[in-house]
Amino acid sequence: MEQQSSHDASYQEKAHPSVAVLDERRRAALAEIDNAPFSWFHVKVCLVAGVGFFTDAYDIFAINIASTMLGYVYGHTNNQLSANQSLGVKVATPVGNLVGQLLFGWLADILGRKRMYGVELMIMIIATFGQALAGQAPAVNVLGVIIVWRFIMGIGIGGDYPLSAIISSEFAATRSRGRLMTAVFAAQGWGQFAAAIVGVIVVRAYKDAILNAPFPCVNPVDHTWRLLIGLGCVPGVIALYFRLTIPETPRFTMDIERNIALATTDIENVLATGKSVHGEDAPVQRVTAPKATRADFRAYFGQWKNLKVLIGTAYSWFALDIAFYGLGLNNSSILTAINFGGITSHKTTSLYVYQNLFNNICVGNLILSIGGLIPGYWVSFLFIDSWGRKPIQLMGFTVLTILFVIMGFAYDKLEDTDTTNKRVFVFLYCLANFFQNFGPNTTTFVIPGEAFPTRYRSTAHGISAASGKLGAVISQVGFAQLANIGGTNKFINHIMEILALFMFTGIFSTLLIPETKRRSLEDISNEEQEGYIQGVPEATS
């Protein structure tokens, strides 16, 4: 009888492993992800997520070029959009971003990363196509239609931030997680570069039509902005299939669905083949573990050690985006203000329209992308897993404070007619772009994707990113209302000084965040991992 009883107990233990065994199995499975060698699957995750960010940046920053084109076609004051019209088409997307980041960040923690991944891309594709086909009617203003479509597109772009960050973070090995996430985010620089390249190509293609059209060249310029905006949906269409077929992250399966058996199997399959098990063949072993509820959310973030991290990530992103979007969406205004292209033709001629679009706007934005934006991302890539996230962010905010002080207080001297002074201003401007990306623009994306427990990781990243877009909205509204005080673009020097103040405050918010390099996600979360699994339900299915 004793032998039979011992046999039954052994059978029960195999059929229903003890809490201690499952807890150990969870930690071993997580360690397998953290120590996995870099593989083709990691490259695939990087490419699939990166194409989304390429599309995001293209769609967001193409309006920086297109707004000047829209001014020639639909502007009724000096052939440019009014301050409020320009504000509307530029600010609609950041407002949509804010909504999308909060909504998709929350949904990804509730429904799963995989279920939501691709949905946001479909929204972006449809909205981008809608903008390109926007038309005028007696009861409808074309700019109003564009603003609505850009808001909807912004929701999709906003959803991409937490989803891409969390998917790349949760699949990455500890030693290379920073580089993988940075490589995903660096696609943003190539997106901005592509928008400028497409602008150059399209304007050059329509050169003869613009020069031969009567000022303000409404017909050919209307073609150029529609092509520029519409082509933004092409990379999204290419990436859509791969997003819809990417597997669920084992961390979501393990810690939110609380299915240890399936997560363990998925880790083995995903790392080996890039595919996961679904359907009736999927193993099930439910456990009791911390669950996302309002009470649990309050309990977790009610602790200062956790709340200060969320405040640090959210405010740092807010301060950064005040400058990043204050400059990024107004590059064309600033390049025009300093007459970057050195245009001498009269402003009411077709030649001026072409030279302004080609030399000032498209080529100017292209140089800013090459000179600062793209190099900054990749220098971050080189140092983020060795030097660390926090030192890069501190250094970035410090250098940006100094640069904006110089550009603000020396602006009147730098923007005068002397060519050398203009080149110095453009150099400093490129340097600011460089240290935004080799600095807080990269780290504010990476750190929120690492610093919180799995059940709140996407939500907290969405909150942090939405705080950034709130900064972008405030920056756009402020730029629009302040830039022309005292005359056209006469207040830009003081705007630079205001940006310097926000960069200075970012230094202090950075002190609230932890260093996350080469630490497991579970270690960074400030939760005890031994005993994380609290029990096993009586019945599993």
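Residues numbered from 1 in each chain as written. Predicted model: local features only at pLDDT ≥ 70, side-chain atom pairs only at ≥ 80, totals over all residues. Heavy atoms only, no water.

Looking at this structure, how should I read the overall build of the chain?
Broken down by element type, the chain carries 24 helices and 0 strands. Taking 24 Å as the expected radius of gyration for a compact globule of 541 residues, we find that the chain reaches 25 Å, a close match to that expectation. Seen through its principal axes, the chain has C-alpha atoms that stretch 105 × 45 × 40 Å. Out of the 541 residues in the chain, the part that is buried amounts to 59%. Of the contacts made within the chain by residues no fewer than 6 positions apart, 85% connect residues no fewer than 24 positions apart. With 39 positive and 38 negative side-chain charges, the chain shows a separation of 7 Å between the mean positions of the two kinds. (Helix = DSSP H or I, 4+ residues; strand = E, 2+ residues; numbered from the N terminus. Rg over C-alpha atoms; globule rule 2.2 N^0.38 Å. Buried < 20%, exposed > 50% of the residue type's maximum accessible area, 1.4 Å probe, protein only. Contact = heavy atoms within 4.5 Å. Lys, Arg positive; Asp, Glu negative; His and termini not counted. Charge placed at Lys NZ, Arg CZ, Asp CG, Glu CD.)

I would appreciate a short explanation of the packing of aromatic side chains in the present structure.
The way to describe two aromatic rings as a pair is by their centre distance and the angle between their planes. Applying the stated rule across the entire model yields 30 aromatic pairs. Relative to Phe445, the ring of Phe53 has its centre 5.1 Å away and its plane inclined at 85 degrees; by these criteria the two rings are edge-to-face. In this pair, Phe53 sits in helix H3 (residues 40–74) while Phe445 sits in helix H21 (residues 440–446), placing the two residues 392 residues apart along the sequence. With relative accessibility at 0%, the residue Phe445 sits in the buried group. (Phe/Tyr/Trp six-rings, centres within 6.5 Å; stacked < 30°, edge-to-face > 60°.)

Can you help me understand the confidence of the model for the chain in this one?
Low pLDDT means the predicted atomic positions in that stretch should not be read closely. On average, residues of the chain score 88 in pLDDT, and 91% of them reach the 70 mark or higher. The least confident element of the chain is helix H1 (residues 2–15), whose mean pLDDT is 46; the most confident is H21, at 97. Residue range residues 1–15 is modelled with pLDDT below 50. Its contacts to residues more than four positions away, or to other chains, number 1 contact. (pLDDT = per-residue confidence, 0-100.)

What am I meant to see in empty space enclosed by the protein here?
Unoccupied space between atoms shows up once a probe the size of one water molecule is rolled over them. Enumeration according to the criterion identifies 3 cavities of 30 Å³ or more in this entry. Approximately 70 Å³ is the volume attributed to the largest cavity. Every residue lining the largest cavity is listed: Phe61, Asn64, Ile65, Gln192, Ala195, Ala196, Gly328, Asn331, Asn365, Ser369 and Leu373. Contributions of two or more residues to the lining of the largest cavity are made by H3, helix H8 (177–205) and helix H17 (350–383). Residues of the lining of the largest cavity, tallied by class, amount to 5 nonpolar, 6 polar and no charged. Quantified by volume, the second largest cavity comes out at close to 40 Å³. In terms of lining residues, the second largest cavity is bounded by Arg26, Asp255, Pro453, Thr454, Arg457, Glu522, Ser525, Glu527, Gln529 and Tyr532. (1 Å grid on protein atoms, 1.4 Å probe; cavity = no way out; pocket = protein on both sides within 12 Å on 5 of 7 lines; lining within 4 Å. Points joined across faces, edges and corners; volume = space filled by probe spheres on them. Nonpolar A, V, L, I, M, F, W, Y, C, P; charged D, E, K, R; others polar.)

Help me understand the state of the cysteines, please; the structure alone is not making it clear to me.
Cysteine pairs can be linked by a disulfide, which is a covalent bond between their two sulfur atoms. Taken as a whole, this structure holds 0 disulfides when the rule is applied. The closest cysteine sulfur to the non-disulfide-bonded Cys233 is located on Cys362, 19 Å from its own sulfur. Since its relative accessible area comes to 12%, Cys233 is described here as buried. Not engaged in a disulfide, the cysteine Cys430 finds its nearest cysteine sulfur in Cys362; these two sulfurs lie 16 Å apart. Since its relative accessible area comes to 9%, Cys430 is described here as buried. (Disulfide = S-S within 2.5 Å.)

What is the right way to read the pattern of salt bridges from this model?
Pairs may arise between side chains of opposite charge once their charged atoms sit close together. Across all of its chains, the model carries 19 salt bridges by this definition. Between Arg27 and Glu24 there is a salt bridge; the shortest N-O distance is 2.7 Å. Placement of both Arg27 and Glu24 in helix H2 (residues 19–34) is noted, with a separation of 3 residues, approximately one turn of the helix. The exposure class of Arg27 is partly exposed, given its relative accessible area of 27%. (Salt bridge = Lys/Arg side-chain N within 4 Å of Asp/Glu carboxyl O.)

Quick question: what am I supposed to make of the environment of Met395 here?
Its location among the elements puts Met395 in helix H18 (residues 389–409). Residues Met395 and Pro440, spaced 45 residues apart in sequence, show a C-alpha to C-alpha distance of 8.7 Å. Setting aside anything within four residues of it in sequence, one finds Met395 in contact with Trp387, Phe435 and Phe438.

Looking at this model, I keep getting lost on the nonpolar core. Mind explaining?
Nonpolar side chains in soluble globular proteins tend to be buried together. By size, the foremost hydrophobic cluster in this structure holds 86 residues, and its most contacted members are Tyr161, Phe404 and Met496. The residues touching Tyr161, leaving out its near neighbours within four places in the chain, are Phe53, Ile60, Gln101, Phe185, Gln188, Trp317, Tyr325, Phe445, His461, Ala465 and Lys469. One finds Ile63, Leu70, Ala194 and Ile361 within the second-largest nonpolar core, a separate group that totals 42 residues. (Core = buried A, V, L, I, M, F, W, Y, C linked by side-chain atoms within 4.5 Å.)

When you look at H18 in this model, what are you seeing that I'm missing?
Two residues of an α-helix separated by three or four positions point the same way, owing to the 3.6 residues in each turn. With 21 residues, H18 should reach 30 Å at 1.5 Å per residue; the first-to-last C-alpha distance of 30 Å fits that figure. By the burial criterion, the buried members of H18 are Arg389, Ile392, Gln393, Met395, Gly396, Phe397, Leu400, Thr401, Leu403, Phe404, Met407 and Gly408. (Expected span 1.5 Å × (residues − 1).)

Looking at this structure, I do not really get the packing of H3 against helix H10 (residues 218–230). What am I missing?
A pair of packed helices is characterised by two quantities: the angle between their axes and the separation of those axes. Relative to each other, H3 and H10 sit at 170 degrees, their axes nearing to 9 Å. Taken together, H3 and H10 sit at an angle that is classed as roughly antiparallel. Between H3 and H10, the residues in contact are Tyr58, Ala62, Ile63, Ile65, Ala66, Met69, Leu70, Tyr72, Val73 and Tyr74 and Val218, Val221, Asp222, Thr224, Trp225, Arg226, Leu228 and Ile229, respectively. Residue composition of the contact of H3 with H10, grouped by class: 15 nonpolar, 1 polar and 2 charged. (Axes fitted to C-alpha atoms, helices over the stretch in contact; angles between N-to-C directions. Parallel < 35°, antiparallel > 145°, perpendicular 65-115°, else oblique.)

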